[in-house]
Structures are given as C-alpha cells and as structure tokens.
Amino acid sequence: MDYYAIGQRIRKFRKACGLSQEELAEKVGISTTHMSHIETGNTKLSLQVLVDIASTLSVQTDELLYELSAQNTHALKQELADLLMTCSPREINILLDVLKSVRVSLNKYLS
C-alpha cells in the first residue's frame, strides 16, 4: 500500500474543500501533527481515521485509496453524458456554467 500516494490524495481533496490541515484534523479528531504525517506518508492511518477523513471530505474511501483508473474515468464520463441526455437545453447551459466555475475552483485549490 502506497501511504504517500494516499496522503497526497487526502491533501488534494482537503485543499479542494478549502480546509487547512488543522481544520481537517480537528474535524476528524486527530492531532495536526498526525494529519501532517498521514499526508506525507510518514505514518499509517487506521481504518477509522480513513473513514472519518473520507466522510469529512465527502468522498468515498476508494477515492482516497486508489487513483481513478482510465476505465473508471470512462464510466464516470458515460454516466455524466447519460445524465445530460435527460436535461433540457436550458438545464444543460446552467450545468455547463456551474461545471466551468467548479473547474476554475478545482484548478485553484488542487495546484
């Protein structure tokens, strides 16, 4: 298990949520030092801490444990396309505007 990669994914999602290490650690109920060590891969995290971090960041534990594969990405894109097929042209335009805004925010927090 690559704990450094897991820690980096936690860091990515934490930043996307606009949380500092201190804030996430507090919400999860661990020390800031422990959170720092998790993100740098210097310590193993317990299953309970992993679940609590995922819950706090509103992500699935799989998203923290594994890099999204190309196959999973394709399935997600297909699900998104299927969802868009049920939308009116006006709804599609609104969703496009929202997605563009979210993308800008993601680029800001994930870089």
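The structure reproduced in this document is the subject of the present report. (Residues numbered from 1 in each chain as written. Predicted model: local features only at pLDDT ≥ 70, side-chain atom pairs only at ≥ 80, totals over all residues. Heavy atoms only, no water.)

### Section: the packing of aromatic side chains
Each aromatic ring pair is described using two quantities: the centre-to-centre distance and the angle formed by the ring planes.
Line of reasoning, step 1. Per the stated rule, a full pass over the model turns up 0 aromatic pairs.
Line of reasoning, step 2. Directly above the aromatic system of F13 lies the positively charged group of K12, at a separation of 4.9 Å from the ring centroid. (Phe/Tyr/Trp six-rings, centres within 6.5 Å; stacked < 30°, edge-to-face > 60°. Lys NZ or Arg CZ within 6 Å of the ring centre and 35° of its normal.)

### Comments concerning the pattern of salt bridges
Line of reasoning, step 1. Enumeration according to the criterion identifies 2 salt bridges in this entry.
Line of reasoning, step 2. The partner of R9 in a salt bridge is E67, with the nearest N and O atoms 3.4 Å apart. Taken together, the residues span a long stretch of sequence, with R9 in helix α1 (residues 3–16) and E67 in the loop between α5 (61–65) and α6 (70–85) at a distance of 58 residues.
Line of reasoning, step 3. The residue E39 makes a salt bridge to R14 at a minimum N-O spacing of 2.6 Å. Of this pair, E39 sits in helix α3 (residues 32–40) while R14 is found in helix α1, placing the two residues 25 residues apart along the sequence. Of the two residues, E39 and R14, neither departs from the other in class, the shared state being buried. (Salt bridge = Lys/Arg side-chain N within 4 Å of Asp/Glu carboxyl O. Helix = DSSP H or I, 4+ residues; strand = E, 2+ residues; numbered from the N terminus. Buried < 20%, exposed > 50% of the residue type's maximum accessible area, 1.4 Å probe, protein only.)

### Details of the environment of L106
Line of reasoning, step 1. If you trace the backbone, L106 turns up in helix α7 (residues 89–110).
Line of reasoning, step 2. A sequence separation of 75 residues divides L106 from S31, and the C-alpha atoms of the two residues are 26 Å apart.

### Brief notes about unusual backbone geometry
Line of reasoning, step 1. Within the chain, S58 stands out as a residue other than glycine whose phi angle is a positive 55 degrees.
Line of reasoning, step 2. Secondary-structure assignment places S58 in the loop between α4 (47–57) and α5.

### Digging into helix α2 (residues 21–28)
Line of reasoning, step 1. Q21, L24, A25 and V28 are the residues of α2 that are buried. When α2 is viewed along its axis, its buried side chains cluster within an angular range of 100 degrees and face the same direction. Residues of α2 that are exposed and point more than 90 degrees away from the buried face comprise E26 and K27.
Line of reasoning, step 2. Trailing α2 by a residue or two, G29 shows a phi angle of about 90 degrees, which is positive. (Arc of directions from axis to C-beta.)

Function cannot be inferred from these measures alone, as they are strictly geometric.
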